[in-house]
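# Observations on the model geometry
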Amino acid sequence: GLEWLDNAWRSAGYGHLVTGTAVISSAIVIMTLLDLPFTLYHTFVVEERYGFNRSTPALFISDLLKNGLLLVVIGGPMIAVALWIMIASGSNWWLYVWIVWMAFTLVMFWAYPAIIAPLFNKFTPLDDESLKQRIQSLMDKCGFRSKGIFVMDGSKRSGHGNAYFTGFGSNKRIVFFDTLLETLEPIEIEAVLAHELGHFRLKHIQKRLLSTAALSFCALALLGWLAQQTWFYNGLGVSQSSPWMALLLFLMVLPVFSVFLQPLLSRLSRKHEFEADAYAVKQSSGADLAEALVKMYRENASTLTPDPLYSAWHDSHPPAPVRIAHIYGKMST
């Protein structure tokens, strides 16, 4: 399919940059359409069966169109910039692409809360004054300054609940799903927030950004070598080598091999979760955190006893019994 798609765009007679951007963008659109039936089934059959789905067909289509718009407005120019660097910068192009990619990642990390997230959800300031005061006291205690505490209308799509903080620098903000506020008591919400603040105080976000930078550096260096190997294209059914085909093939093949890094990444993530729980025990009530976790596992219908090998390979969070035992262990020390 990629060979046909590449030939079709080449026959249109555009320049390398336009052709390459068109090939990659249209491939992404086609893959999205191929995945669409599975996404529909997951949302309107599986999630519906267990009472989680709140989305409507109109909202689903709206989200799909907004994602398409973001692909055109943000993804298209980013693809074009990467291809321009690949074409114009010689053998060290991968290093320049890495620098641009990391700059783009940081900009998006800063801009996401204020620009992109509001396209999909409504964020309103927390209006429960007693809860707001409790949260503000905890943030002052932890030395955390944010742009505000917001409630997200997650219930319009799903019954799942969560809390997180996003952004960095002067654009940090605390976000609670409205479904979570309906499920937990104020003291439990405080404990969950203490866990999230633990990620901030222990610099987990910075550590993950550094690991992302290191992995993307290695991946692009590998791509810089593979792009010069004819067997890389021929072995994947493409007869004509090009910068855009190198990039597209690499993006498609990478998950097949990066899956072997998943256990290491999952282990690092679980380590961070344990550390954030330990921090929350010091700053709030460990018993309330454990109770909040039990409610969240119940409300999200999460399994309490996952297969140990599967969990070690894939799960970014420890299993509930292990995590709660760790919390009570920290309370006794």
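For the structure itself, look to the data block above.
Small disclaimer: the values here were computed from a predicted structure and weren't measured. (Residues numbered from 1 in each chain as written. Predicted model: local features only at pLDDT ≥ 70, side-chain atom pairs only at ≥ 80, totals over all residues. Heavy atoms only, no water.)

On to helix α12 (residues 286-299). The first and last C-alpha atoms of α12 sit 20 Å apart over 14 residues, in line with the 20 Å expected at 1.5 Å per residue. Among all positions of α12, only G286, D288, L289, A290, A292, L293, K295, M296 and Y297 are buried. For α12, the secondary structure elements touched by its buried residues are α6 (178-183), α7 (186-201), α11 (262-283) and α14 (320-331). The N-terminus of α12 is capped by S285, whose side-chain oxygen sits 3.4 Å from the backbone nitrogen of A287. Taken from the residues just after α12, A301 is the one with a positive phi, measuring 55°. (Helix = DSSP H or I, 4+ residues; strand = E, 2+ residues; numbered from the N terminus. Expected span 1.5 Å × (residues − 1). Buried < 20%, exposed > 50% of the residue type's maximum accessible area, 1.4 Å probe, protein only. Contact = heavy atoms within 4.5 Å. Polar contact = N/O pair within 3.5 Å; in protein donor to acceptor, adjacent residues only side chain to side chain.)

Attention now moves to the sheet that holds strand β3 (residues 163-166). Pairing is mixed across the open sheet formed by four strands, whose spatial order is β1-β2-β4-β3. Two strands bound the open sheet, and with one partner strand each, they are β1 (123-125) and β3. Neighbouring strand axes in the sheet, compared pairwise and without regard to direction, differ in orientation by 30° on average. Where strand β2 (residues 149-152) and strand β4 (residues 173-177) come together, four bridges link them in parallel fashion. Among the inter-strand pairings, M152 is bridged to a residue of β4, identified as F177. Where helix α5 (residues 129-142) meets the sheet, it contacts β2 and β4, and its direction lies at approximately 125° from that of β2. (Pairing = 2+ DSSP bridges. Axes fitted to C-alpha atoms, helices over the stretch in contact; angles between N-to-C directions.)

Counting buried positions along β4 yields five of five residues, so the element is predominantly enclosed. Both faces of β4 are covered, namely the face carrying R173, V175 and F177 and the face carrying I174 and F176. As paired elements, β3 and β4 share four bridges and run antiparallel to each other. Its bridge partner being in β4, T166 is matched across the sheet by R173.

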